[in-house]
Amino acid sequence: MARSIGTDFQAQLDSTQLEPFYAVSVEFTTPLRLWTGYSTITVDSQSYFGSGNLLKMSQVNETADIRATGLNITLSGMESSIISSALTEDVQGTVVKVYFGVLTTTSNETVVVDTPYQIFEGFLDTMTIREDGETAEFTITVENKLITLEKAVDRRYTDQDQKNLFAGDKGLEFVDDLQDKNVAWGGGSN
């Protein structure tokens, strides 16, 4: 569903002094929420911590056809507690959201203008951690949620498969009998 851009947000986009930012939410057991600035901001009632230039993202691509395009997010200089948390849990399939917003400065305080816009949502696919003794770099590959359209449906359409989904359902009760059934179509039988 398309959302219209608020007047404050549109005014910031048209301004000669534009202060854009990105915010990234990775829904680990303990969520990781970072943005490309400093200090702490609030997005959708959640606190996002400033990562400055430690957060890097590949380009968010859109295509004219329905196709899942992914995204790479790299975090450098991460605390060891975040890295150990990421290593100890099953991260594949974790929801990742990316927001784009614009800031305005008033009275030496940075404030988010209007509501940031979610520009990407997907599922964490792979995670790579590179350490060289001094620094650690944490890269995640995120697949667009449209990737679920490319997955094969793992259904058998048998009576037992239907009952696994809906106990007591008898909608596919006679499917097993149909495979050996002789059906005469249209004419008489000989």
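Read on for an overview of the structure.

The rules we used
Residues numbered from 1 in each chain as written. Predicted model: local features only at pLDDT ≥ 70, side-chain atom pairs only at ≥ 80, totals over all residues. Heavy atoms only, no water. Helix = DSSP H or I, 4+ residues; strand = E, 2+ residues; numbered from the N terminus. Contact = heavy atoms within 4.5 Å. Areas by Shrake-Rupley, 256 points an atom, 1.4 Å probe, with all protein chains shown as cover. Buried < 20%, exposed > 50% of the residue type's maximum accessible area, 1.4 Å probe, protein only. Pairing = 2+ DSSP bridges. Salt bridge = Lys/Arg side-chain N within 4 Å of Asp/Glu carboxyl O. Core = buried A, V, L, I, M, F, W, Y, C linked by side-chain atoms within 4.5 Å. Patch = residues over 30% accessible without salt bridge, like charges linked within 9 Å, V, L, I, M, F, W, Y side chains within 5 Å. Lys, Arg positive; Asp, Glu negative; His and termini not counted. Charge placed at Lys NZ, Arg CZ, Asp CG, Glu CD. Polar contact = N/O pair within 3.5 Å; in protein donor to acceptor, adjacent residues only side chain to side chain. Phe/Tyr/Trp six-rings, centres within 6.5 Å; stacked < 30°, edge-to-face > 60°.

## Some words on the overall build of the protein
Helices and strands together make up the secondary structure of the protein, namely four helices and nine strands. Taken from the N to the C terminus, the helices and strands of the protein come in the order α-β-β-β-β-β-β-α-β-β-β-α-α. Of all intrachain contacts in the protein linking residues separated by at least 6 positions in sequence, the fraction that spans at least 24 positions is 53%. Only carbon and sulfur atoms are counted for the fraction: they give 48% of the accessible area of the protein, which is about 13100 Å².

## Points about the pairing of strand β1 (residues 20-26)
For a regular strand, side chains alternate in direction, first toward one face of the sheet and then toward the other. Most of β1 sits out of view: five of its seven residues are buried. Across four bridges, the pairing between β1 and strand β2 (residues 32-35) is antiparallel. Opposite S25, over in β2, you have R33 as the bridge partner. Connecting the antiparallel pair β1 and β2 is a turn made up of five residues.

## A few points about the pattern of salt bridges
One pass over the structure, following the stated rule, counts three salt bridges. In this structure, E137 and R130 form a salt bridge, with 2.7 Å as the shortest nitrogen-oxygen distance. Owing to a relative accessible area of 23%, E137 belongs among the partly exposed residues under this scheme. Looking at R130, the relative accessible area reads 54%, which means it is exposed. Among the ionic pairs, D159 bridges to K163, the shortest N-O distance being 3.3 Å. You can see D159 and its partner K163 sitting in helix α3 (residues 159-165), four residues apart, about one turn around the helix.

## Examining the nonpolar core
General note: in soluble globular proteins, nonpolar side chains tend to be found buried as a group. With 17 residues, the main nonpolar core has V26, I73, V96 and I140 as its most contacted residues. For this core, the secondary-structure elements that each account for two or more residues are β1, β2, β6 (71-76), β7 (95-106), β8 (109-131) and β9 (136-144). Discounting residues that sit within four places of it in the chain, I140 has contacts with V26, L71, N72, I73, V96, L124, T126 and M127. In this structure, A23, W35, I41 and Y48 belong to the second largest nonpolar core, which totals eight residues.

## So, a negative patch on the surface
On the surface, E173, D176, D177 and D180 cluster together into a negatively charged patch. Structurally, D180 is set in the segment after α4 (175-178). In this structure D180 comes out as exposed when scored by relative accessible area, which is 66%.

## Comments concerning the side chain of T74
The residue T74 is located in strand β6 in this model. A distance of 3.3 Å separates polar atoms of two side chains, one belonging to T74 and the other to T139. What T74 contacts, discounting residues up to four positions off in sequence, is L54, L55, K56, E137, F138 and T139.

## Details of the packing of aromatic side chains
Tallying each qualifying case throughout the model produces three aromatic pairs. For the pair Y22 and F100, a centre-to-centre distance of 5.6 Å together with 55° between the ring planes defines the contact as tilted. Taken together, the residues Y22 in strand β1 and F100 in strand β7 connect sequence positions 78 residues apart. We classify Y22 as partly exposed; its relative accessible area is 32%.

## A few points about the side chain of D159
The class of D159 is buried, set by a relative accessible area of 15%. In contact with D159, not counting residues within four places along its chain, are D169, L172 and E173.

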